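Overview (structure and organization)
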2 protein chains.
Amino acid sequence: MAEILYGAPVADAIRERSKKESEALGREGVRPCLALVRIGDRADTASYAAGLKKNAPKSGVLIRSIGLPEDTSAEEAARLLEDLNSDPAVHGILLLLPLPAGLDADALRNRIAPEKDVDGATDLSQAGVFEGKDLGFAPATPRAVMEILHYYRIPVAGKRAVVIGRSPVVGRPLAMMLLRENATVTVCHSRTADLAAAVRDAEIVIAALGKPEAVGAGILGKDQILVDVGIHRKEDGTLCGDADRAQAELSVRALTPVPGGVGAVTTAVLLQNVLEAASRQLKYRREG
Amino acid sequence: MAEILYGAPVADAIRERSKKESEALGREGVRPCLALVRIGDRADTASYAAGLKKNAPKSGVLIRSIGLPEDTSAEEAARLLEDLNSDPAVHGILLLLPLPAGLDADALRNRIAPEKDVDGATDLSQAGVFEGKDLGFAPATPRAVMEILHYYRIPVAGKRAVVIGRSPVVGRPLAMMLLRENATVTVCHSRTADLAAAVRDAEIVIAALGKPEAVGAGILGKDQILVDVGIHRKEDGTLCGDADRAQAELSVRALTPVPGGVGAVTTAVLLQNVLEAASRQLKYRREG
């Protein structure tokens, strides 16, 4: 049976680091603060916001929760973001998606100042991931995957990694991060002709295609590490990932569970980014 | 023997398209113009500038050549770029690299307005390549590779493509472009453990590692298309690519020569971007 790579100890380690950084910043008079902007009243953004609020104290981050009504105009939303950009008490800004139908998410998320873009939502943060430079921040989910690999001391350099999925928020940035750490990276997707052949020789497999239980026994091999980024609710109400866990457990060497794997680490990474943002902003103010 | 995929007919086809677009813009009173900024007096930038000036009329592009002395300050260089950004008669800006030692190329190239960044030099252009959006422009060399594949009707969708090299100006953007056209893409590099194994099953191989004649018979397979992005001068004065051409010709199905392959197309692509920039700017002015 495969080893299970739980997210909880990874998240705990990140939170412990965050808490210490928060205390150090506190001694400098800084209270690291994340502005959580929610427009409209969707259940999924409410549940994500609640999760963040619950976890924030463990990382030493203050949450400033801002709710705007469903009928907020693009101008009002932009003005709010500008205000938060120029507010020195706010170190990170998270605009919860999806937005109500009338608002252009792409235009709006790019209003966030790069130095406060702790979820890597702006084009400049994306450029940073792509170019391997610290412009803004890397998106939290792919960073959570890297944190899991590091925590469990899974070698990346010189290894063959296959990323199944090419979304701009997970697959592509993750491919860049793996490449930056010297993996040989293959990106597969819905148009890949022979997925099994592409995955066969990989040492690390990332399932990020966004389809429930799509990665199964026919594709996986026995010496592989499988990281499952998907999360879906099945008809019977239980949660599952992009991999078929029962089959995967019999096939691979180690895997992350769903729930309790990547998802458990993402929030901790996002909050850690707020600490990093607060530190950078303090340094920047000091150096003028 | 392998078929040779020459760059010249590809470049001719692009230039013909450009010329027509230039004439159409001319009827609207627009003369597409590229500002060519050269700081200092290096032989390589001089030769590149001369090549562009020679080719520009064939694409219907006017070149405004600007030479600044070796001891130009960062402020002076930035001011020039700002002036060109706001000059409505200039549609594209190319800052020739490398710059003199005292100047920060990374900071300076990002001063170019995204809508005039015809060589994809800014972070925002890079973000566009990465996210698959039209922010700024894609860099000319990887686009030249795609133009060659299209011209010779080499299928990309669903094919396995291996990019050898992960530079921010060629390897990584090319991987993104191939992915956008639905190839299954693997990026290899100096830390790849078994290059031959990674390349073996690929249908398209891009040699972009920047090492003379490094890709040879042991790596290539008989049904492959090889695109060689490298260009190097050998001790005997002749030019060579990243692939060993003699070996490659015996191994693969088709290949681009060096010289006369990708390099012959790059300038045409860059000049085509000037036309595209001029069109976008005209449209933008009209729509207010």
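Keep in mind that this is a model prediction, so the values were computed, not measured.

Looking now at the overall build of chain A. Looking only at helices and strands, chain A features 10 helices and 11 strands. Its C-alpha atoms give chain A a radius of gyration of 19 Å, within 12% of the compact-globule value 19 Å for 288 residues. By its C-alpha atoms, chain A is 55 × 40 × 35 Å across when sized along the principal axes. The contacts of chain A with a sequence gap of at least 6 include a subset with a gap of at least 24, amounting to 69%.

Right, let's get into the interface of chain B and chain A. The interface is formed by 25 residues belonging to chain B together with 25 residues belonging to chain A. Contributions of two or more residues to the side of chain B that touches chain A are made by α5 (123-131), α7 (171-180), β6 (184-188) and α8 (195-200) of chain B. Take the side of chain B that touches chain A: its biggest share by element is 6 residues, from α5 of chain B. Within the side of chain B that touches chain A, the residues separate by chemical class into 13 nonpolar, 6 polar and 6 charged.

This part covers the packing of helix α6 (residues 140-151) of chain B against helix α10 (residues 262-286) of chain B. Residues and elements named next belong to chain B. The N-to-C vectors of α6 and α10 enclose an angle of 110°; their axes lie 8 Å apart at closest approach. In terms of orientation, α6 and α10 fall into the roughly perpendicular class. Seen from α6, the contacting residues are Ala-140, Thr-141, Arg-143, Ala-144, Val-145, Glu-147 and Ile-148; seen from α10, they are Val-262, Val-265, Thr-266, Val-269, Leu-270 and Asn-273. Residues belonging to the contact of α6 with α10 are distributed by class as follows: 8 nonpolar, 3 polar and 2 charged.

Strand order in the open sheet formed by 12 strands is β1(A)-β11(A)-β8(A)-β7(A)-β5(A)-β6(A)-β6(B)-β5(B)-β7(B)-β8(B)-β11(B)-β1(B), with mixed pairing between adjacent strands. Pairing within the sheet leaves two strands with one partner each, and these edge strands are β1 (3-4) of chain A together with β1 (3-4) of chain B. In this sheet, strand β7 (residues 204-207) of chain B lies alongside strand β5 (residues 160-164) of chain B in parallel orientation, the contact comprising 4 bridges. Paired with Val-163 of chain B across the two strands is Ile-206 of chain B, which belongs to β7 of chain B.

So, on to the pairing of strand β8 (residues 225-228) of chain A. Residues and elements named next belong to chain A. On β8, burial covers both faces: Ile-225 and Val-227 on one face and Leu-226 and Asp-228 on the other are all buried. Two elements, strand β7 (residues 204-207) and β8, share 4 bridges in a ladder whose sense is parallel. Within the sheet, the bridge partner assigned to Ile-206 lies in β8 and is Val-227. Inspection of the sheet shows β8 paired to strand β11 (residues 254-255) by 2 bridges, in the parallel sense. Bridge pairing links Leu-226 to Leu-255 in β11.

Moving on, we come to the sheet that holds strand β3 (residues 62-68) of chain B. All names here are of chain B. Taken together, the 3 strands give an open sheet; going across it, the order is β3-β2-β4, and neighbouring strands pair in parallel fashion. On the outer flanks of this sheet lie β3 and β4 (92-95), each paired with one strand and no other. Adjacent strand axes in the sheet meet at a mean angle of 20°, parallel and antiparallel pairs treated alike.

What follows deals with the domain arrangement of chain A. Segmenting chain A into domains produces domain 1 (29-112) and domain 2 (140-263). Here the C-alpha centre of domain 2 of chain A lies 29 Å away from the C-alpha centre of domain 1 of chain A.

Residue and element names in this part refer to chain B. With an omega dihedral of 0°, the bond running from Leu-97 to Pro-98 counts as a cis peptide bond. As for its position among the elements, Pro-98 is in the loop between β4 and α4 (105-109). At the junction of Val-258 and Pro-259, the peptide bond is cis and its omega measures out at -5° in the coordinates. Summarising the element assignment, Pro-259 is placed in the loop between β11 (254-255) and α10. Non-glycine residue Asn-182 carries a positive phi angle of around 70°. Among the secondary structure elements, Asn-182 is positioned in the loop between α7 and β6.

Moving on, we come to the nonpolar core. Counting residues in each nonpolar core, the largest one holds 174 residues, and the members touching the most others are Ile-206 of chain A together with Ile-206 of chain B. Ile-206 of chain A has contacts with Val-145, Ala-161, Val-162, Val-163, Ile-164, Leu-174, Val-227 and Val-229 of chain A, leaving out every residue within four places of it along the chain.

In this section: the relation of the copies chain B and chain A. Relative to chain A, chain B is turned by 180° and slid 0.0 Å along the rotation axis, the superposed coordinates differing by an RMSD of 0.0 Å. In short, the pair behaves as if placed about a two-fold rotation axis. In this assembly, 100% of the residues forming the interface of chain B have copies in chain A that are likewise at the interface, indicating an isologous arrangement.

Residues and elements named next belong to chain A. The element helix α7 (residues 171-180) is extensively covered by neighbouring structure, given that 9 of its 10 residues are classed as buried. Residues Gly-171, Arg-172, Pro-173, Leu-174, Ala-175, Met-176, Met-177, Leu-178 and Leu-179 constitute the buried set of α7. Downstream of α7 by a residue or two, Asn-182 has a phi angle that is positive, lying close to 75°.

Our focus in this paragraph is helix α3 (residues 74-86) of chain A. All names here are of chain A. If you check α3, its first and last C-alpha atoms are 19 Å apart, about what 13 residues at 1.5 Å a residue would give, namely 18 Å. Among all positions in α3, only Ala-77, Leu-80, Leu-81 and Leu-84 are buried. Buried residues along α3 cover an arc of 95° about the axis, so they all sit on one side. Facing away from the buried side of α3 by more than 90 degrees, the exposed set consists of Glu-75, Arg-79, Asp-83 and Ser-86.

Within β6 of chain B, 5 of the 5 residues are buried, which leaves the element mostly enclosed by the surrounding structure. The alternating pattern of β6 of chain B places Thr-184, Thr-186 and Cys-188 of chain B on one face and Val-185 and Val-187 of chain B on the opposite face, and all of these are buried. The pairing of strand β6 (residues 184-188) of chain A with β6 of chain B spans 3 bridges and is classified as antiparallel. Pairing of Val-185 of chain A across the sheet is with Val-187 of chain B, part of β6 of chain B.

Here we come to the environment of Pro-142 of chain A. Within the secondary structure layout, Pro-142 of chain A lies in helix α6 (residues 140-151). In this view, Pro-142 of chain A contacts Val-170, Pro-173, Leu-174 and Met-177 of chain A; residues no more than four positions away in its chain are not counted.

Residue and element names in this part refer to chain A. With respect to the helices and strands, Leu-34 occurs in strand β2 (residues 33-39). Looking at Leu-34, the number of C-beta atoms within 10 Å reads 28, which means it is buried. Residues Leu-34 and Arg-285 lie 251 residues apart in sequence; the distance between their C-alpha atoms is 18 Å. Each residue touching Leu-34, except ones within four places of it in the same chain, is listed here: Ala-56, Val-61, Ile-63, Gly-92, Leu-94, Val-118 and Val-274.

About the criteria used
Residues numbered from 1 in each chain as written. Chains lettered and ligands numbered in written order. Predicted model: local features only at pLDDT ≥ 70, side-chain atom pairs only at ≥ 80, totals over all residues. Helix = DSSP H or I, 4+ residues; strand = E, 2+ residues; numbered from the N terminus. Rg over C-alpha atoms; globule rule 2.2 N^0.38 Å. Contact = placed C-beta atoms within 7 Å. Nonpolar A, V, L, I, M, F, W, Y, C, P; charged D, E, K, R; others polar. Axes fitted to C-alpha atoms, helices over the stretch in contact; angles between N-to-C directions. Parallel < 35°, antiparallel > 145°, perpendicular 65-115°, else oblique. Pairing = 2+ DSSP bridges. Buried ≥ 20, exposed ≤ 12 C-beta atoms within 10 Å, placed from the backbone. Domains from an automatic or database assignment. Core = buried A, V, L, I, M, F, W, Y, C linked by C-beta atoms within 7 Å. Least-squares fit on C-alpha atoms with pLDDT ≥ 70 in both. Expected span 1.5 Å × (residues − 1). Arc of directions from axis to C-beta.

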